[in-house]
Amino acid sequence: MNRQNLFRSAFLVVLMAVLSAPLARSQTKTRVLVVGTIHDGHNTNPNYSYRHLADILGTFRPDAICVEIPPSYFRKRSYLIEMMYASIYGFDNGLKVYPIDWWPPGDARAERREYEKTDDYRKKEMKVDSLVEANEIMQQFRNKYGSMDSIWRQNTQDYRFFNGKDYNDYIREMYTILVDVFGDGCMNLYSEKRNAMMMDYINRAVDGHRGHRVIVLAGAEHKYYFDLALSKKADVTLVTLDDILPLQPVQPTENMISLIEDGLAKGYYDTDDVYSVDVLYANALTPILHGPGMDDDPSIVPAENIERAKPILAEWASQKPSSVRLAFDRCWLKFLEKDFQGAISLAESVADRLDDVPSESAWFVKSFFWRNLGFCYDLTGQRAKAVEAYRKCKSVCEELKMNPDYAKSIYADFENEPYRDKRN
């Protein structure tokens, strides 16, 4: 080869290397898709259901999944259903799942409720209203889609809407105004600090899967912040939902189906945790037997719920027959079926083992255990034992330092006025 050809060949090699470098770098970038979810809205929205989430996961085919669950809750306590659903998808498919939620100490929502009673809040809220009225992006959104209240009330917008530009531009403007007026505090639930801490968790997951696919599932109000932060990372290619459309139908796993149809989060809880079986079945029974108002007014528990609970309790008993939490729910079911003596016999057999109940549910189980036992004693004519049970309920509430007003709503004045069953 003469010198001219040698030079030409060397030049072509260098040129090829230069041209291929951006391609090589792009191929090693981590592809990240942020999906905004609607929490409880998935239960009833036909255009953004749990099945749509399964299709999004299956179409994107992530190597890792980030879910809006606090690390301290992850695989130990129930949390947002769609996040547990996505976690189960990950576990069933052998993927790494990362909990990314974070909350400041205390109760930001309670803090907000108190602040909303102040004159300072009312004055600043007027400023927020004026800024919203003057915001062109927000007003265009409202003219096109209606108010945010109506959007959530109707609950018919689809997954493209909540992950689209219009919605996320509106949310960005809304939080910008709230932070400008109120600061990063209770009125925006400390969104700046919370989002920043959640991004730290996301970054760890992304850094741990370089050159692969990572999906981030979080409430739709977080998406604008995460998208912006991720778009600034040189080693990340930010994927939009439009990039993966149309969605491919995906068959959910049996565990995913069980969570949605039966409330049983099989495959989610940490099997090394001694209480995982109790948490699994207790959480499935909570909306059925302990939904809003049901423990105070058993007459509102639908008859079909009692029937739905029976196979769950039977399966629980086959897995952990000695469980005190199982006994508690079985007692409540017997009470609902008016088998008061059966409830008494079962309750008395575990009354000395209530300390076996995990600390996070002790306030509920211990207080209602004694109150419910008092109900059963009253309804079988054993008034002295009933009074003793109500006093035990009051004592437990004090020992656990429960809110006095809430505790009083549990034991009420049954110590002086016998419980009477108002059901037919």
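Summarised in this report is the structure supplied together with it. (Residues numbered from 1 in each chain as written. Predicted model: local features only at pLDDT ≥ 70, side-chain atom pairs only at ≥ 80, totals over all residues. Heavy atoms only, no water.)

Let us look at the packing of aromatic side chains. Here the structure, examined in full by the defined rule, presents 36 aromatic pairs. On the basis of an interplanar angle of 75° and a centroid distance of 5.9 Å, the ring pair of Tyr-115 and Tyr-121 is categorised as edge-to-face. According to the relative accessible area criterion, Tyr-121 is buried, its value standing at 14%. Consider the rings of Phe-141 and Tyr-145, whose centres lie 4.9 Å apart with planes at 45°: the pair is tilted. With a gap of four residues between them, Phe-141 and Tyr-145 both fall in helix H6 (residues 136-145), about one helical turn apart. Ring pairing ties together the aromatic residues Tyr-48, Phe-141, Tyr-145, Trp-152, Tyr-159, Phe-161, Phe-162, Tyr-167 and Tyr-170, which thus form one cluster. Lying over the aromatic face of Trp-103, Arg-194 brings its terminal NZ or CZ to 3.7 Å of the ring centre. Arg-423 extends its terminal NZ or CZ atom over the ring of Phe-335, reaching a point 4.9 Å from the ring centre. (Phe/Tyr/Trp six-rings, centres within 6.5 Å; stacked < 30°, edge-to-face > 60°. Buried < 20%, exposed > 50% of the residue type's maximum accessible area, 1.4 Å probe, protein only. Helix = DSSP H or I, 4+ residues; strand = E, 2+ residues; numbered from the N terminus. Lys NZ or Arg CZ within 6 Å of the ring centre and 35° of its normal.)

We now examine the sheet that holds strand E1 (residues 30-37). Sheet architecture is open: five strands sit in the order E3-E2-E4-E1-E5, paired in parallel fashion. Looking at strand neighbours, the two that pair on one side only are strand E3 (96-99) and strand E5 (236-239), the edges of this open sheet. Adjacent strand axes in the sheet meet at a mean angle of 20°, parallel and antiparallel pairs treated alike. Direction of pairing for E1 relative to strand E4 (residues 213-219): parallel, over a ladder of seven bridges. Looking at E4, one finds that Leu-33 is bridged to Ile-215. Strand contacts of helix H2 (residues 50-60): E1, strand E2 (64-67), E4 and E5, with the helix running at about 160° to E4, the strand carrying the most contacts. Against the sheet, helix H10 (residues 191-207) contacts E1, E2, E3, E4 and E5, and its axis sits at roughly 160° relative to E4. (Pairing = 2+ DSSP bridges. Axes fitted to C-alpha atoms, helices over the stretch in contact; angles between N-to-C directions. Contact = heavy atoms within 4.5 Å.)

What follows is about the nonpolar core. In this structure, Ile-56, Ile-65, Ile-215, Leu-217 and Leu-289 are the most contacted members of the largest nonpolar core, which totals 111 residues. When near neighbours in sequence (up to four residues on either side) are disregarded, Ile-215 contacts Leu-33, Val-35, Ile-56, Leu-57, Phe-60, Pro-62, Ala-64, Ile-65 and Cys-66. (Core = buried A, V, L, I, M, F, W, Y, C linked by side-chain atoms within 4.5 Å.)

Moving on, we get to the packing of helix H16 (residues 324-336) against helix H17 (residues 340-350). Close contact between H16 and H17 brings their axes to 8 Å; oriented N to C, the two are set at 165°. With respect to each other, H16 and H17 are oriented roughly antiparallel. In this structure, H16 crosses over H17, and the sense of that crossing is left-handed. Seen from H16, the contacting residues are Ala-327, Arg-330, Cys-331, Lys-334 and Phe-335; seen from H17, they are Phe-340, Gly-342, Ala-343, Leu-346, Ala-347 and Val-350. Residue composition of the contact of H16 with H17, by class: eight nonpolar, one polar and two charged. (Parallel < 35°, antiparallel > 145°, perpendicular 65-115°, else oblique. Left-handed = near helix turned anticlockwise from the far one by under 90°. Nonpolar A, V, L, I, M, F, W, Y, C, P; charged D, E, K, R; others polar.)

In this model, H10 (17 residues) spans 24 Å end to end at C-alpha, consistent with the 24 Å of a helix rising 1.5 Å per residue. Listed as buried for H10 are Ser-191, Arg-194, Asn-195, Met-198, Met-199, Ile-202, Asn-203, Ala-205 and Val-206. (Expected span 1.5 Å × (residues − 1).)

Leu-245 connects to Pro-246 through a cis peptide bond whose omega is 0°. Along the chain, Pro-246 falls in the loop between helix H12 (241-244) and helix H13 (254-262). The phi angle at His-39 is positive, at roughly 50°, despite the residue not being glycine. Although it is not a glycine, Arg-61 sits at a positive phi angle of roughly 55°. If you trace the backbone, Arg-61 turns up in the loop between H2 and E2.

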